[in-house]
Every structure is written in C-alpha cells, then in structure tokens.
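Structural overview
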Amino acid sequence: MHHVAVIGSGTMGNGIAHVFAQHGFSVSLIDVNQAALDKGMATINKNLDRQVSKGSLSAEDKTATLGRLVSFTSIAEGVRNAELVVEAATENVELKLNIFRELDQHAPASAILASNTSSISITKIAAVTKRPSQVIGMHFMNPVPVMKLVEVIRGYATSDEVTAQVMELSRRLGKTPTEVNDYPGFVANRILMPMINEAIYSLFEGVAGVEEIDTVMKLGMAHPMGPLQLADFIGLDVCLAILRVLHEGLGNPKYAPCPLLVNMVTAGRLGVKSGEGFYTWSHGTKELVVAERFTK
C-alpha cells in the first residue's frame, strides 16, 4: 500500500496525514475549505520543524515528507488513486455518513475506507456503502505524531483480511494497534468519558474545585493531565457528543452528561479551541489559569 487519502485537515486530520507522509506514503489531504487546508499544511510544517529541532528528524526527511503531501478541496479528485482513505472530519453522524456515501462512489472499488471516529458506530457508517466488509475504524490518539495507540474497530461486517491489513499498516507507522469490537465508545472513550463526566459532576456538586480535582488525579493516580484539563484539550463539545453516543447507545443513566457540561457547551465554552473551558487558554502562556467563573 502506497497511496493514502485523509479527509479533514483539522487537528486529527493533519496529524494523520503527517504520520503517513513521514513513513513514506503518498498522501492526499482533503478539505472542502481552502483556508482550513492551508492551516493544516502549515501545522504539519511547524510540527516537522519541531521534530528537526529536537533531532528526531533530519532536514532532508522533512523535505521528503512535505514532498509526499498534496492537498485537495475535492473528495472525488483526492481519493481517485487511494488504496486507503481515513476520514477525520468533525464528530457528527450525518456528516460522516454523507462523506462515506461520497467515498463509496469515488474511491477505487478495492480501497479500504476507515474512520477516525472516537465513538460513532463503524457498522452504521459501513451500512451506507456498498463495501461494508472494507470499512473499519482507525481511531488515532491526539497528538497523532506523538501518541502510539491506534484503536482498530471492527464493524459487524469488517473482514478478517481488512482488519489484518489495517493492524499491519498501523505497525508500519510506528504505532501499537489494538483491535476492539464495535460498541458505543469502543474501549478508550467508554472508559475515559465517564471519568471526565464524573470529574465534572464533582465540580458541579461542589465536592472540590477545578485545580483540586485535577491535582488528585495527577498526583494520586499518576495521570499526566487532570480530567478537566484533558476535557478542555479534547473539546467540551466533543466530550458531550461522545457521552451522548454512550448514553443513547447503551441506555444506561450512568453515561448521562453532567448538566454543567451541557450548559458550558451551549454557552460556547468549549475549552482550548474557544479560549475558555474549565481553564482560560487565551493568556498566551503555558500556565494553567482556572476560568474566572470557577474561582468564585
């Protein structure tokens, strides 16, 4: 396999494109928004520069990596020669279903269609295509160039052959693939999101403050980042969307999103991406500053 297409040039998409290109694959990075594409390519360039400055990549390898990347604003053109397509669009069911309908129409018949979804059913996505046996989940972790895990999700109809190919492909990227079955939240978010939700409930119910909750988990449980800081980093809208998938898919009230989380997303307080969540992120330093509403 040599040619990969990545749909979406945001944080996950540009990271996935970066890793594939760095490991010798020809990559088509596709986004309908030219400004988003330009931003994604600039991010890849900046992250490659960081690797060069740290000595983990040579300047020649950086140049070669960028030379393997081509950007497109058309799915039809971008996937024309793809052997694997990795969709990394926003975590929205209807958007993903529409993308996969289009991919099924334009990607070569032999191509594997993968989704980087963190919670949406691979079986549901596969059902809108004429190739459900070739549809699979490739859930990369953020930041993609750094994190080693790829959660490989088998849909109901995903073939053994396609699963084996994607597992091996993940290893070629220097990742550690872990095969899981297609149930709401898979493994990573089925465990992570209830923990984050419980942390938000602890804040909501006045058990402790933002810094105190995160300190307990960092120092007591050896987590590199507290759950509230992590929620800000992931995006509170994304956390809410995943919790809703878990709640609806499993029908268990323990997955119900905390009302505080719902209110924050409704108010546009989404974490790092909006400049404020549980912490304030617009002060231009690496210092953790608790959002003003949580310091009263």
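The structure under discussion appears in the preceding block.
Overview of the structure. (Residues numbered from 1 in each chain as written. Predicted model: local features only at pLDDT ≥ 70, side-chain atom pairs only at ≥ 80, totals over all residues. Heavy atoms only, no water.)

**Section: the state of the cysteines**
Spelled out, the test is: The definition used for a disulfide is geometric: two cysteine sulfur atoms within 2.5 Å. The buried label applies to any residue whose accessible area, calculated with a 1.4 Å probe on protein chains only, is under 20% of its type's maximum; exposed applies above 50%, and partly exposed to all values in between.
For the coordinates displayed, the defined rule picks out 0 disulfides. Of the cysteine sulfurs around Cys239, a residue in no disulfide, the closest is that of Cys258, at 12 Å. For Cys239, a relative accessible area of 1% puts it in the buried group. You can call Cys258 buried: its relative accessible area is 0%.

**Quick word on the environment of Glu94**
Threshold: Secondary structure follows DSSP: runs of H or I at least 4 residues long count as helices, runs of E at least 2 residues long count as strands, and numbering of each begins at the N terminus.
Structurally, the position occupied by Glu94 is in helix 5 (residues 93-106). Sequence-wise, Glu94 and Ile125 are 31 residues apart; in three dimensions their C-alpha atoms are separated by 9.5 Å.

**Brief notes about the pairing of strand 4 (residues 84-87)**
We count it as follows: Between any two strands, at least two bridges found by DSSP are needed for them to pair. Clockwise travel from the first strand over the helix to the second, with the strands pointing away from the viewer, marks a crossover as right-handed.
Here strand 4 shows a buried face lined by Leu84 and Val86 and a second buried face lined by Val85 and Glu87. In the sheet, strand 4 pairs with strand 5 (residues 112-115) via 4 bridges, with the strands oriented parallel. Looking across to strand 5, one finds that Leu84 is bridged to Ile112. Between strand 4 and its parallel partner strand 5, the chain crosses via helix 5, and the hand of that crossover is right-handed.

**Comments concerning the pairing of strand 8 (residues 176-181)**
Sheet topology note: the strand 7 (residues 149-154)/strand 8 ladder contains 6 bridges and is parallel. Across the sheet, Val150 pairs through a bridge with Pro177, a residue of strand 8.

**Section: the nonpolar core**
One broad rule of soluble globular proteins: the nonpolar side chains tend to lie buried together. Applicable threshold: Each nonpolar core is a collection of buried residues, namely Ala, Val, Leu, Ile, Met, Phe, Trp, Tyr and Cys, held together in the definition by side-chain atoms within 4.5 Å. For this analysis, residues touch if any pair of their heavy atoms sits within 4.5 Å.
Ile16, Phe20, Val27, Leu84, Val86, Met138 and Phe140 are the most contacted members of the largest nonpolar core, which has 32 residues in total. Examining the composition of this core, we find that 6 residues originate from one element, helix 1 (residues 11-22), more than from any other. With sequence-adjacent residues up to four places away left out, Val86 is seen in contact with Ala5, Val6, Ile7, Ile16, Phe20, Ala114, Asn116, Met138 and Phe140.

**Quick word on the packing of aromatic side chains**
Filter applied, for reference: Here is the rule: rings of Phe, Tyr and Trp (six-membered ring for Trp) pair when centre to centre is within 6.5 Å. Planes less than 30 degrees apart are stacked, more than 60 are edge-to-face, and the remainder are tilted.
The full count for this structure, using the stated rule, is 5 aromatic pairs. Ring centres of Phe20 and Phe25 lie 5.2 Å apart, and the angle between their planes is 85°; on these two criteria the pair is classed as edge-to-face. Residue Phe25 is classed as buried on the basis of its relative accessible area of 2%. Relative to Phe140, the ring of Phe20 has its centre 6.4 Å away and its plane inclined at 70°; by these criteria the two rings are edge-to-face. Placement of Phe20 in helix 1 and of Phe140 in strand 6 (residues 135-140) is noted, with a sequence separation of 120 residues between them. Taken individually, Phe20 and Phe140 each receive the classification buried, so the pair is uniform in this respect. Taken together, Phe20, Phe25 and Phe140 form an aromatic cluster joined through their ring pairs.

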